[in-house]
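Given next are the chains, with one letter for each unit.
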Amino acid sequence: MSRIGRMPIAVPAGVTVDIAENNHVTVKGPKGTLERDLPEEMEIKLEGETVTVARPNDLKRMKSLHGLTRSLLNNMVVGVNNGYTKELEVNGVGYRASKSGKELTLNLGYSHPVIMTDPEGLESKVEGNKITITGIDKEKVGQYAAEIRDKRRPEPYKGKGIKYVDEVIRRKVGKTGKK
């Protein structure tokens, strides 16, 4: 049995879960609403204040989908209740981030500033050299954070670039002079 798949999902107060035909799940909460089509083979049951996911048989595909379905559902419930955040850090001389309206402007040592627009449902804040992305959809928050990081990945010699706050950059030793 899937260790993650068999765990029940506790639905907190103020959050409603609606399961339509073909496993179209709608989760409403204090922060917003999320909708998703989950795999049709899985049996999703709402029993009081918990949601359980069961699989029809023990085929490899069903085992894979079991834990995935439960995780996606749990992420939706947590998202509409608490939301998700990702923090990025801009390191480097002259590297800056600034925010105006929905536009995030990054000065990353290129000949031009990189301008990114916040996707629908996400919000980014800039405080000093930290960029904080918040939203209710875990997937979108992570994707937008990855796109920002991709504009200038951290390099191993000086550690310049955009990195996640909890990310550790393995540093390399630079060149040494001749004797």
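For the structure given in this document, a descriptive report is provided here.

Criteria and thresholds
Residues numbered from 1 in each chain as written. Predicted model: local features only at pLDDT ≥ 70, side-chain atom pairs only at ≥ 80, totals over all residues. Heavy atoms only, no water. Helix = DSSP H or I, 4+ residues; strand = E, 2+ residues; numbered from the N terminus. Rg over C-alpha atoms; globule rule 2.2 N^0.38 Å. Buried < 20%, exposed > 50% of the residue type's maximum accessible area, 1.4 Å probe, protein only. Contact = heavy atoms within 4.5 Å. Areas by Shrake-Rupley, 256 points an atom, 1.4 Å probe, with all protein chains shown as cover. Phe/Tyr/Trp six-rings, centres within 6.5 Å; stacked < 30°, edge-to-face > 60°. Lys NZ or Arg CZ within 6 Å of the ring centre and 35° of its normal. Expected span 1.5 Å × (residues − 1). Core = buried A, V, L, I, M, F, W, Y, C linked by side-chain atoms within 4.5 Å. Pairing = 2+ DSSP bridges. Axes fitted to C-alpha atoms, helices over the stretch in contact; angles between N-to-C directions.

## With respect to the overall build of the chain
Within the chain one finds 2 helices and 13 strands. Computed over its C-alpha atoms, the radius of gyration of the chain comes to 21 Å, more than 25% above the 16 Å expected for a compact globule of 179 residues. Overall, the C-alpha framework of the chain stretches about 70 × 45 × 25 Å when taken along its three principal axes. Expressed as a percentage of its 179 residues, the buried residues of the chain come to 36%. Within the chain, residue pairs in contact and separated by at least 24 positions form 50% of the contacts whose partners lie at least 6 positions apart. On the chain, roughly 11,000 Å² of surface is accessible, and the fraction owed to carbon and sulfur atoms is 49%.

## Looking at the packing of aromatic side chains
Under the criterion given, the structure shown has 0 aromatic pairs. Above the plane of the ring of Y164 lies K86, whose end atom (NZ or CZ) is 5.2 Å from the centre.

## Digging into helix α1 (residues 60-81)
What sets the pattern is the α-helix's 3.6 residues per turn: residues three or four places apart point alike. Look at α1: 33 Å from first C-alpha to last across 22 residues, which is about the 32 Å you get at 1.5 Å a residue. Along α1, the residues that are buried comprise M62, L65, H66, G67, T69, R70, L72, L73, M76, V77, G79 and V80. Of the residues trailing α1, G83 is marked for its positive phi of about 90 degrees.

## Describing the nonpolar core
Residues V17, V25, V27, I44, V51 and L73 are the most contacted members of the largest nonpolar core, which totals 20 residues. Elements with a contribution of two residues or more to this core: β3 (24-29), β6 (50-54) and α1. Examining the composition of this core, we find that 7 residues originate from one element, α1, more than from any other. Residues L88, V90, I133 and Y144 belong to the second largest nonpolar core, which totals 19 residues.

## Points about the side chain of T105
Considering the arrangement of structural elements, one finds T105 in strand β9 (residues 103-107). Setting aside its immediate chain neighbours within four residues, T105 contacts R96, A97, S98, P113, V114 and I115.

## Side note on the sheet that holds β3
Read from one edge to the other, the open sheet built from 3 strands follows the order β2-β3-β4, with strand pairing classed as antiparallel. The open sheet has two edge strands with one neighbour each: β2 (16-19) and β4 (32-37). Strand-to-strand twist in this sheet, taken as the mean axis angle between neighbours without regard to direction, amounts to 15 degrees. With 6 bridges connecting them, β3 and β4 associate as antiparallel partners. From the neighbouring strand, V25 faces β4, where its bridge partner is R36.

## Concerning the pairing of β2
Bridge analysis of β2 against β3 gives 4 bridges, and the strand direction is antiparallel. Considered in β3, the bridge of D18 is made with T26. If you look at the hairpin formed by β2 and β3, you'll find 4 residues sitting between the two strands, and N22 has a positive phi there, around 60 degrees.

## A closer look at the sheet that holds strand β5 (residues 43-47)
With respect to topology, 3 strands assemble into an open sheet ordered β1-β6-β5, the strand pairing being antiparallel. Of all the strands in the sheet, the pair left with one neighbour each is β1 (9-10) and β5. As paired strands, β1 and β6 are joined by 2 bridges and run antiparallel to one another. From the neighbouring strand, A10 faces β6, where its bridge partner is T50. Relative to β6, α1 is tilted by about 160 degrees, and along the sheet it contacts β1, β5 and β6.

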